[in-house]
Amino acid sequence: MKDNLEYKVLARKYRPQKFADLIGQEILVQILTNAIKSNRIANAYLLTGVRGVGKTTTARLIAMSLNCENRKETSCEPCGKCDSCNSIRSDHNLDVIEMDAASKTGVDDVREIIENVKYKAVNNKFKIFIIDEVHMLSKSAFNALLKTLEEPPEHVKFIFATTEVKKIPVTILSRCQRFDLKRVDSDNLAKHLKKISEQEKIIIDDDAIALLVRAGDGSVRDSISLLDQAIINNNINVTAETVISMLGLADRGKIYDLLENITKGDVSESLKIFRDLYNSGADILMIFEELLNAIHSITQIKILPDIKNDITIPEIERIRGTSFANQLSMNSLGIMWQVLFKGFQELQSGHHLFQLAEMIIIRLIFISDSPNPEKFKKESLNKNEINDKLITENQEIKKKVNLNNNLKTVTTSNNNNTTEPSIIKISNFREFVDLFYKKREALLHTQLYNSVKLISFKEGEIVVNTSLIRDQHFNRNVAKLISRWTGRIWQVHSSDSNIGSSLSEEDIIDQQNEIKIMKNQPEVKKILDALPGLSIHSITDITETVDETIDEFKQENHKEV
């Protein structure tokens, strides 16, 4: 029973007892060390930063150092053994007064401090007031403190701590020396948790430490508290599975499996993995947060390949993240991030979360530049299939040429007979945009091709994202011209949605895919291997070039005749 009463949580047990114990705050420690050693002590200090980085701890260390009875003049470290140090550590020192501004916010509480300021310290050199969460003081309380803060007696020092520095009046900030305590980086935090685990004689996996550090988000106190909880869950050996189960995280392996099937366009398998995660107890919001973390991690590896050697990142993220980074383009990663982030926001404020989550996954599959979801099994094309594909593309090109001729014929007939114009059918957005090129509307064609993202298309009506277009009459001009040319009324609507892509973006992706296929052909591969440094920049269809040359030749002969 006695041992239970004496137990301290790890966050309190390993609280820094001297400046050297503060981790990740080297600049702050250096400045305070020089100030205390040279006796250049400010009237008031303001310590700001996120929760759990050591603001209150630093305030107490400053108080201990200033009032330490045995501190050496050449050092700033308190001895930690004298009556003053012990009483400050146990919060029993009459000259070091701590106040929580979250519970004492009024002007009367500040007036009580002001009344105490005129009395000298009882047992120590300085009377020190530590006010935590100072931003929660009322406006009148701040005003009452101004004069005393600007010209306090020599024996009085103020130390403020806050997580919301923007809420503090500028008049207060100008009277304080401000120190911003930064988030502790992952490497230092991981080493600190490892050191505590060794002192507690606990075996913990590196992947488990990486998960705890990520959950702590730069906060030392949060990370140590999570470590304490993990040790309680498993007294001897803390594994990554223990931490995942404790935090309610989704299995990292299954998250990457889900991401892999999404990129392949496999709808049924993606939904199956999602349902398995859900049935195993993973929170839906947590699943999507992990998907966002995965996309962010893959993007970092793609931009900075050296990150894959960082031991603070779990091994599965380094291995599978590298694989994804080699497969996915930056455009694909950007689109996936946008859809997932938008979906995550919808989940936070939505209802029927399970159904909404499945629809977000389906939306993600169908707007990415992955293979057609209905044909995802046809991933590896053999040589014959490549030839078939090229033949099909050539046939489509010829159809487009015939369509161009038909458009010319229809246009001629329209000029001859204006009473009953023929209706030209447009089956997709690319044909829609091509018509502006054929009609020599160069400016509108360029804008439609490069700056307009298609959201939805049907005969007689399109919905597009025109956020990059500054012409307020753009939609009206496009609708007017296309209606005149096709012989039917068209409606053009704008949308703020970002799920679509422009034709120029689609062509770039198609070109990249074609280059990948071309590189795998044996003949091309031989050429690339024989000539180091050679690369495929673009691919031009010879048939299309020949057809255009023939058309030009016919037109010239017709003119001569």
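Residues numbered from 1 in each chain as written. Predicted model: local features only at pLDDT ≥ 70, side-chain atom pairs only at ≥ 80, totals over all residues. Heavy atoms only, no water.

## A short note on the pairing of strand E8 (residues 453-458)
1) Next: By the bridge criterion, five bridges tie E8 to strand E9 (residues 461-465) in an arrangement that is antiparallel. Within the sheet, the bridge partner assigned to Phe457 lies in E9 and is Ile462.
2) Next: Where E8 folds back on E9, the antiparallel hairpin that results is connected by two residues, among which Gly460 adopts a positive phi of roughly 95°. (Pairing = 2+ DSSP bridges. Helix = DSSP H or I, 4+ residues; strand = E, 2+ residues; numbered from the N terminus.)

## Brief notes about the packing of helix H9 (residues 186-199) against helix H10 (residues 206-216)
1) Next: Direction vectors running N to C along H9 and H10 enclose 120°, while the axes themselves pass 10 Å from each other. As judged from the angle between their axes, H9 and H10 are oblique. Crossing of H9 over H10 shows right-handed handedness. In contact with Ser186, Leu189, Ala190, Leu193 and Lys194 of H9, H10 contributes Asp206, Ile209, Leu212 and Val213.
2) Next: Residue classes in the contact of H9 with H10 are distributed as six nonpolar, one polar and two charged. (Axes fitted to C-alpha atoms, helices over the stretch in contact; angles between N-to-C directions. Parallel < 35°, antiparallel > 145°, perpendicular 65-115°, else oblique. Left-handed = near helix turned anticlockwise from the far one by under 90°. Contact = heavy atoms within 4.5 Å. Nonpolar A, V, L, I, M, F, W, Y, C, P; charged D, E, K, R; others polar.)

## Some words on the packing of aromatic side chains
1) Next: This model, assessed by the stated rule, comprises 13 aromatic pairs.
2) Next: A ring pair is formed by Tyr45 and Phe179, whose centres lie 5.8 Å apart and whose planes are at 35°; its orientation type is tilted. Taken together, the residues Tyr45 in strand E1 (residues 44-48) and Phe179 in strand E5 (residues 177-180) connect sequence positions 134 residues apart.
3) Next: Relative accessible area serves as the criterion here: at 3%, Tyr45 is assigned to the buried category. (Phe/Tyr/Trp six-rings, centres within 6.5 Å; stacked < 30°, edge-to-face > 60°. Buried < 20%, exposed > 50% of the residue type's maximum accessible area, 1.4 Å probe, protein only.)

## Here we look at a nonpolar patch on the surface
1) Next: A cluster of nonpolar side chains, contributed by Tyr7, Val9 and Ile232, occupies part of the molecular surface with about 300 Å² of accessible area.
2) Next: Note that Tyr7 resides in the loop between helix H1 (2-6) and helix H2 (10-13).
3) Next: A relative accessible area of 48% places Tyr7 in the partly exposed class. (Patch = residues over 30% accessible without salt bridge, like charges linked within 9 Å, V, L, I, M, F, W, Y side chains within 5 Å. Areas by Shrake-Rupley, 256 points an atom, 1.4 Å probe, with all protein chains shown as cover. Salt bridge = Lys/Arg side-chain N within 4 Å of Asp/Glu carboxyl O.)

## Some details on the sheet that holds strand E10 (residues 491-494)
1) Next: Strand order in the open sheet formed by three strands is E8-E9-E10, with mixed pairing between adjacent strands. Whereas interior strands pair on both sides, the edge strands pair on one side only; in this sheet they are E8 and E10. Averaged over all neighbouring strand pairs, the angle between strand axes comes to 20°, with direction disregarded.

## Some remarks on the nonpolar core
1) Next: Membership of the largest hydrophobic core comes to 37 residues, with the highest contact counts inside it found for Leu259 and Phe288.
2) Next: Per element, the largest residue contribution to this core is nine residues, and it comes from helix H15 (residues 284-303).
3) Next: Setting aside anything within four residues of it in sequence, one finds Phe288 in contact with Phe274, Leu340, Phe344, Leu347, Ala357, Ile360 and Ile361.
4) Next: Ranked by size, the runner-up nonpolar core spans 30 residues in total, among them Ile36, Met64, Ile88 and Ile130. (Core = buried A, V, L, I, M, F, W, Y, C linked by side-chain atoms within 4.5 Å.)

## Some thoughts on the packing of H15 against helix H17 (residues 330-349)
Any two packed helices are characterised by how steeply their axes cross, that is the angle between the axes, and by the distance between the axes.
1) Next: The contact between H15 and H17 brings their axes to 10 Å, and the two run at 160°. On the basis of the axis angle, H15 is roughly antiparallel to H17. Note on packing geometry: the crossing formed by H15 with H17 is left-handed. In this structure, H15 uses Ile284, Leu285, Phe288, Glu289, Leu291, Leu292, Ile295, His296, Ile298, Thr299, Lys302 and Ile303 to contact H17, whose residues at the interface are Met330, Leu333, Met336, Trp337, Leu340, Phe341, Phe344, Leu347 and Gln348.
2) Next: A class-by-class count of the residues in the contact of H15 with H17 yields 16 nonpolar, three polar and two charged.

## Overview of the confidence of the model for the protein chain
1) Next: For the protein chain, per-residue confidence averages 80 on the pLDDT scale, and residues scoring 70 or more make up 83% of the total.
2) Next: Confidence drops under a pLDDT of 50 for residues 408-421, and excluding neighbours within four residues, the segment shows seven contacts in the predicted structure.
3) Next: Here residues 557-561 scores under 50 on pLDDT; set against residues more than four positions off or in separate chains, the count is zero contacts. (pLDDT = per-residue confidence, 0-100.)

## Structural notes on the pattern of salt bridges
1) Next: Enumeration according to the criterion identifies 19 salt bridges in this entry.
2) Next: For the salt bridge of Asp187 with Lys191, the shortest nitrogen-to-oxygen distance reads 3.7 Å. Here Lys191 and Asp187 lie together in helix H9, a separation of four residues that amounts to about one turn.
3) Next: Judged by its relative accessible area of 37%, Asp187 is partly exposed.
4) Next: Overall, the relative accessible area of 52% leaves Lys191 in the exposed class.
5) Next: Two residues, Arg320 and Asp257, come together in a salt bridge whose shortest N-O distance is 2.7 Å. Placement of the pair is Arg320 in helix H16 (residues 315-327) and Asp257 in helix H13 (residues 252-264), with a sequence separation of 63 residues.
6) Next: The exposure class assigned to Asp257 is partly exposed, which follows from its relative accessible area of 29%.
7) Next: Beyond isolated ion pairs, a larger network of salt bridges with shared partners links Asp257, Glu260 and Arg320.

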